[in-house]
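Okay, here's what each chain looks like letter by letter:
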Amino acid sequence: LSGEVEVPSEWIRDLFEAFIHELRDRQELDLSGGPSSLDDARTLAIDLISNFFRREEEPYHTFMFVSLDRDEVFLCVKMLERTAITHAEDSRYNMQISDEAIQTLNIKLDSGPKNPAFLPYCPFLHDADLLMKKKSENDPVAESVISKTDAIHLLYDRVTDVLDVDAMKRWKLLVDYFPLHSRPALWELCTKWAKMSWFYRFDQPIDAVHSYFGSQITLYFVFLGLLCQWMVYLIGGAFVVTVAVFCQSGSLHATVNDFLLGSKFNDARIALAIITIVWIQLFIARLKQSINHFLNLWGDDVVDQSTVKKRENPRFLGSAGPSEVDENMITYQAPLKDRNRGRMKSFLCTFFFICFTIFCVAGIFVFGAHLETAGHAWAFSAAGYAVSLQIKVFNKIWEPLSLALIDMEHHQFVDSFNDSRGSKSFSFQFINAFASFFYVAFAMQWLEACPASYPDGCWGYLCHEMVIVFFIYIASTAYDIVLPIWTIKKKIKQEQAEAASLGIELGQLSFLEQQSKMEEYDGAAQTEDFCQIIMPLAFVLMFGITLPLCSVLALVCFGLQLRADAFKLTRAQRRPFPARSHVDRPGGGLGVWMVILEVLGYMAVFTNVALIVFSLEPFNSYRLDDQLLLFLAFCILTVVVKLVMASILPEVTDDIYLARQRHERQREVIYSCSHHFHHSNPDAPVRKFEEVLAEVEAQIEPVKFRASHKLDVHALQSLGKGHKFWREPILKK
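Counting of residues starts from 1 at the beginning of each chain's written sequence and follows it residue by residue. The model is predicted, so local features are restricted to residues of pLDDT at least 70 and side-chain atom pairs to those at 80 or more, both for listing and for counting; the totals for chains, interfaces and linings are taken over all residues. With hydrogens and water set aside, each side-chain value is computed from the structure's full complement of heavy atoms.

Things to note about the pairing of strand β2 (residues 60-66)
Relative accessibility under 20% of the residue-type maximum defines a buried residue, over 50% an exposed one, and the middle range a partly exposed one, all with a 1.4 Å probe and only protein chains included. Runs of H or I in DSSP of at least four residues are treated as helices and runs of E of at least two as strands, each being numbered from the N terminus. Extensive coverage of β2 is indicated by the burial of five of its seven residues. By definition, two strands form a pair when at least two bridges between them are found by DSSP. One ladder, built from seven bridges, connects β2 with strand β3 (residues 73-79); its direction is antiparallel. Looking across to β3, one finds that Phe63 is bridged to Cys76.

A closer look at the packing of helix α11 (residues 215-249) against helix α13 (residues 266-298)
Remark: α11 packs on α13, axes separated minimally by 9 Å, with the N-to-C direction vectors making an angle of 155°. By the angle class used here, α11 and α13 are roughly antiparallel. As α11 packs across α13, the resulting crossing turns out to be right-handed. Axis geometry follows a simple rule: fit a line to the C-alpha atoms, using only the stretch in contact for helices, then measure angles between N-to-C directions, giving values from 0 to 180 degrees. Here is the rule for angles: anything less than 35 degrees is roughly parallel, anything more than 145 is roughly antiparallel, 65 through 115 is roughly perpendicular, and the remaining ranges are oblique. By definition, turning the near helix anticlockwise from the far helix through less than a right angle yields a left-handed crossing, and turning it clockwise yields a right-handed one.

Notes on the packing of aromatic side chains
Only rings of Phe, Tyr and Trp enter the pairing, Trp through its six-membered ring, and a pair is recorded when the two centres are within 6.5 Å. The plane angle decides the type: under 30 degrees is stacked, over 60 is edge-to-face, the rest tilted. Enumeration according to the criterion identifies 36 aromatic pairs in this entry. An angle of 75° between the planes, with centres 5.1 Å apart, marks the rings of Tyr220 and Phe221 as edge-to-face. In terms of burial, Tyr220 and Phe221 fall into one category: buried. Look at Phe353 and Phe394: their rings are 5.8 Å apart centre to centre, the planes differ by 40°, and that puts the pair in the tilted class. Pair noted here: Phe353 is in helix α14 (residues 336-373) and Phe394 is in helix α15 (residues 379-408), with a separation of 41 residues, a long-range link. Each member of the pair, Phe353 as well as Phe394, carries the same accessibility label: buried.

Quick look at a nonpolar patch on the surface
The patch calculation keeps residues exceeding 30% relative accessible area without a salt bridge and links them within 9 Å when they carry like charges or within 5 Å when they are nonpolar (Val, Leu, Ile, Met, Phe, Trp, Tyr). Values of accessible area rely on a 1.4 Å probe in the Shrake-Rupley scheme; residue burial ignores everything except the protein chains shown. The working definition used for a salt bridge is a side-chain nitrogen of Lys or Arg within 4 Å of a carboxyl oxygen of Asp or Glu. A grouping of Phe246, Leu252, Val256, Leu261, Leu549, Val552 and Val556 is seen on the molecular surface, where their side chains present a nonpolar patch of about 540 Å² in accessible area. Elements that contribute at least two residues to the nonpolar patch include exactly α12 (252-260) and α20 (550-571). Turning to its location among the elements, Val556 is positioned in helix α20.

Describing α11
A helix's residues, less one, multiplied by 1.5 Å, set its expected span. Between its first and last C-alpha atoms α11 spans 50 Å; for 35 residues at 1.5 Å apiece the expected length is 51 Å, and the two agree. One or two steps after α11, the chain reaches Gly250, where phi turns positive at roughly 70°.

Fair warning: the whole summary comes from geometry, so function is off the table for now.
So this is what it looks like as structure tokens:
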């Protein structure tokens, strides 16, 4: 509907009632003035949301302004500490006790892990001054028991308890909502973490990143930083093998041309394959230990008893009806039968599309080999370019198709939606990128159709393609930095042009308004970042013996990606929702990406053994049945060794286990003190449960919504220079 078209006011009232979850709140809805158009509905939405935050019984700090070109209204909301504490108590939000509290509780800790425990908030913790105080992001002198990320979680939970803001977005009554950057804390991260000149350094201020971005994004950087450090160890192993080859050959020319860029010295390649397989197993074990350490440090390794909601999936479109949890609440949900049917359809569509991709890749190479045998020397190179084009085209087709398939699965929460997106994106990109490599490495050699235009045949072609792949990933990292900055500047220029056509001259955007032009760092962006790391790692693990230099190229790629991601998060993208990661999440703290890493560990075993048996001398001259027997025997032996290593290397170290025991002791003492505190009056009368429940129900007052479409939004001020809330933008011209 266009803004001017008249709409019956009853329709608008029904629409706004659907935005309110609780039945008792719907009954208090008062829409004055008789709204009759979509423009009226937009004004009603502004007034409705602003009035929700201006109620005396639940105070917030709010500030409203209009954009410089006067076509957008901004509402900035800050949750006051006393409001946050009230909601933390109601929702039993997990909060950390202070270091001094351990001494206050008469718990002695002389050595080992000393990080304090997390507990559900209760007034006793606050009254006894046991909670840890955190520094304010905007004022380094001020301290509060509620951090900025805590306030974001509590504010989101409180708003979505009452209003369906995602439905308001779908009806285009609300453009967007997002957490705001804090300029002082952001600038500190820019100077200490996000400098591109530090791409050779892998140390990171993990605590500062976590306090600003939350645990899910921080664990991505923990993984990436640890991967960069461990790639140095793999390079060291490759260097030792290269030195051994040089000592054996006595020639630098032979070492470079025949080993690093050639197909000889098979014993050295076998040694490199063994080093790679052992390395990935050790890396995964160390990564799990690091993740469990940080989850324990952040309080994410305990069962969350809080009622604070996980972030809901804005693409979830269930049917409105009484909640299965409480029929007094109206929620959107999908029946279990629809979810199971949708996931089966999604799996089958994904499977058939991947099979079609493999068929296309094989068909292109078969046709190229046929043309080359017919005397066309250019045919195989042309087939390689055709496959590259096919990869790009199929990736573009898969992006919207995968979203449609994931929507069929009815994921209600963002975490499960992103895990499904990650598994589908990686599966398709893996098949799309590696189908040609597997075909050239195994099928073409078996068909005796290796290209004659390369000196070492199929092996030389693989080596050539590996170099191209890594330079493409390095180039895409640079593109990853340029794209969000170019997007911001493009949006600002478009807005300036539109304003100029109306005779309005725009000045420099404030820090607050500039954030609305930034791209959101959502699940799609994080999935793409993970794929930018996992895919080059997969090339190293499975085809690294064809190009021993690939570990060096991978380290350059990972180091640049680390700083590129830090740069765009601090300078070119909105502040993401600080989502928490829990140890009970499928795959651990990294979610589906830890499962993918473990699968790659097995793929590394099978691919390297296959390359040794079917491509390297003397095994490639054996009969096919003998090769298959050797392949099976080597795979079983390697997998057994891998499983033994996994059982020896614990995911939870002794320090983490001790820290968990100490946390349990701290909770035990606090619960005992709290119980004694609440039951210190033995003469207090025992009350019946029905009386307590009736009292609680009587104290719950409905939210009285008052909204009018007569609000004059054009009377709002813009946020120009000289305004008390104007700040210099981080990203300047």
